Amino acid sequence: MKRRYFLLLTIAAGIAACSKNDNPAPEPAPDHFRPATDTSSEFISAVYAYMPAPGQFVNSSMTGDSAGAQRLIGGFSGLLSLGGFGGYVIVGFDHSIENKSGNDLGIYGNPLVNAGQEWSEPGIVKVMQDLNGNGIPDDDAWYELKGSEYDKPETIKNYRITYYNPKNLTDDIIWKDNQGQTGVVLRNMFHAQSYYPAWTPNQDSMSFEGTKLKNTLEQVNDPVYGPGLITNKPFEKGYADNCSPVFLQIRDEEGRGYNAFDISAAVDKQGQPVALPYIDFVKIYTGQNCNGDPGTDPDTPNRMLGEVSTEVSGAVDLHIRK
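Basis of the calculations
- Residues numbered from 1 in each chain as written.
- Predicted model: local features only at pLDDT ≥ 70, side-chain atom pairs only at ≥ 80, totals over all residues.
- Heavy atoms only, no water.
- Pairing = 2+ DSSP bridges.
- Helix = DSSP H or I, 4+ residues; strand = E, 2+ residues; numbered from the N terminus.
- Salt bridge = Lys/Arg side-chain N within 4 Å of Asp/Glu carboxyl O.

## Focus: the sheet that holds strand β3 (residues 88-98)
Stage number 1. Strands sit in the order β1-β3-β15-β5-β6-β14 across an open sheet of 6 strands; the sheet is antiparallel. A strand with exactly one partner marks an edge of an open sheet, and here the two such strands are β1 (46-51) and β14 (266-267).
Stage number 2. As defined by bridge partners, β1 adjoins β3 across 5 bridges and the pair is classed as antiparallel. Within β3, the position partnered with Ala49 by the bridge is Ile90.

Take a look at the structure:
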């Protein structure tokens, strides 16, 4: 009996061994980390996509066209407008940006910084790893870098807006959103071109989705400019083109400000933290849906300032700054 029992155990062990060999444990996903070298650039090396929402600088030479987008490469002398809410640019570097202690990424913009006269146009930042190793931001997940407003009750997640092309050079651009609201991107006398991007395949309408930040537009009584000064107040941290305390500190220390970002602030679609050892692609999009008009009479809008639209001048890997 003992001999038969031993034989059965031996056969069972052999079958189990064969099963393990036939169905090996899955291999971990390949790591396509690209380390920085002595010849790596600290600045953007490629612009993968530029799709602004309608806005006053869209289709304008150098600030709202493909040539303007390419000026972000290699430094911070460009100035690219992303148009209204959701308009974006996607950029990358010639290496992976590591998630180290402190801030990892800097993004240049052009917020106005004088106390009481601030004009920020905050842009939300998302990041991606090139997990499939094909060198383009195609089918991997985007993660939002959580800013100071992410958990505020006024912040709307999964906000979706659709803009409609008027197909003329006189009418404002109508929009509708998934909150039951409708409005317009105001035209003004300073920019007579079409505000709807000429290169988008759909010339009837275009939609964007993302996290929408509260509007911070105010009309204030300024000692110099009087009671009619319009400002767009900054947020505490975590947004591009934003006159944050960190931006001001860096400007004072280095002569040129930028907004700094920590890859450790990445969250998924459910708002859960995501541990990213490095990132390869960066997406920046306009985070507010607002015209520069604090008035309440829709029949007499203030058209002087146009829409709030994030501007980007460049980006830098803070770990290899030369």
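## Side note on the pairing of strand β7 (residues 156-164)
Stage number 1. For β7 and strand β10 (residues 205-212), the ladder comprises 7 bridges, and the chain directions are antiparallel. By the bridge assignment, Ile156 is partnered in β10 with Lys212.
Stage number 2. Relative to strand β8 (residues 173-177), β7 runs antiparallel, the two being bridged by 4 bridges. Note that in β8 the partner of Tyr164 across the bridge is Ile174.

## Details of the pattern of salt bridges
Stage number 1. One pass over the full model with this rule turns up 10 salt bridges.
Stage number 2. The partner of Arg303 in a salt bridge is Asp172, with the nearest N and O atoms 2.8 Å apart. You can see Arg303 sitting in the loop between β15 (278-286) and β16 (311-312) and its partner Asp172 sitting in the loop between β7 and β8, a full 131 residues away along the chain.

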